[in-house]
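Okay, here's what each chain looks like letter by letter:
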Amino acid sequence: RGSGGYRYFGAAKDLPGVKELFARHASRLTKRKRGDIYKYITPDYYGLRDEEDGVLLELEEKAAEIRRKKLAKAREEYWRKREKDRGACADVESEEEDEGLGGVTGAADAFAAHVAVPTQEIVAKTVLEQKKKELLARLAF
């Protein structure tokens, strides 16, 4: 080895000035011990004091508030859509009440007459909306 990219071989290592280069370089290459390495690692390195300055907590609170607003909006939309669908199903049920308990098939299917079954169009529209939301969510992040 040497310094500055030069390499010294054989008798060139014994030249004046070259030995001092090796000695100086060797003193810098002393191996560091594990204790020396870990001596300067503080809890900050592991992220244990991130909350102390309050910046991270403030950012997390803002993100949580945004998530809460999105959730509330989604809930409102869901309940609005559900009430709208129930209103449409109530019109259909009122027409079926003339047929008596259980409709045409009899009393055994009376429970099924009171369950709101979405039409194929509603299911297709809902599936399409969910796929759009998922795609937008993937593209947004």
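Residues numbered from 1 in each chain as written. Predicted model: local features only at pLDDT ≥ 70, side-chain atom pairs only at ≥ 80, totals over all residues. Heavy atoms only, no water.

J.: Is there a simple way to explain the pattern of salt bridges in this structure?
T.: Per the counting criterion, the structure on display carries four salt bridges. For Arg68, the salt bridge goes to Glu61, with nearest N and O atoms at 3.6 Å. Its relative accessible area of 44% is what places Arg68 among the partly exposed residues. Between Glu65 and Arg68 there is a salt bridge, and its shortest N-O distance comes to 2.7 Å. Remark: Arg68 and Glu65 occur in helix α3 (residues 55–96); sequence separation between them is three residues, near one turn of the helix. Three or more residues joined by partner-sharing salt bridges are found here, namely Glu61, Glu65 and Arg68. (Salt bridge = Lys/Arg side-chain N within 4 Å of Asp/Glu carboxyl O. Buried < 20%, exposed > 50% of the residue type's maximum accessible area, 1.4 Å probe, protein only. Helix = DSSP H or I, 4+ residues; strand = E, 2+ residues; numbered from the N terminus.)

J.: Got a minute to help me understand the confidence of the model for the chain in this structure?
T.: Detailed reading of the predicted model is not advised wherever pLDDT is low. Here the chain averages 76 in pLDDT, while 69% of its residues score no lower than 70. Across the chain, the secondary-structure element scoring lowest on mean pLDDT is helix α4 (residues 110–113), at 54, and the one scoring highest is helix α5 (residues 120–140), at 92. In this model residues 98–102 is a low-confidence stretch, pLDDT under 50, and it forms seven contacts with partners more than four residues away in sequence or in other chains. (pLDDT = per-residue confidence, 0-100. Contact = heavy atoms within 4.5 Å.)

J.: What is the right way to look at a negative patch on the surface in this model?
T.: Together, Asp50, Glu51, Glu52, Asp53 and Glu60 line one region of the surface with negative charge. Tracing the sequence through the fold places Asp50 in the loop between α2 (34–39) and α3. By relative accessible area, which is 36% here, Asp50 ends up partly exposed. (Patch = residues over 30% accessible without salt bridge, like charges linked within 9 Å, V, L, I, M, F, W, Y side chains within 5 Å. Areas by Shrake-Rupley, 256 points an atom, 1.4 Å probe, with all protein chains shown as cover. Lys, Arg positive; Asp, Glu negative; His and termini not counted. Charge placed at Lys NZ, Arg CZ, Asp CG, Glu CD.)

J.: Looking at this structure, how should I read the layout of surface pockets?
T.: Unoccupied space between atoms shows up once a probe the size of one water molecule is rolled over them. Its volume calculated, the second largest pocket comes out at about 340 Å³. What lines the second largest pocket is Lys70, Lys73, Ala74, Glu77, Tyr78, Lys81, Thr126, Glu129, Gln130 and Lys133. Within the residue set of the lining of the second largest pocket, elements represented by two or more residues are α3 and α5. Ranked by residues supplied to the lining of the second largest pocket, first place goes to α3 with six residues. (1 Å grid on protein atoms, 1.4 Å probe; cavity = no way out; pocket = protein on both sides within 12 Å on 5 of 7 lines; lining within 4 Å. Points joined across faces, edges and corners; volume = space filled by probe spheres on them.)

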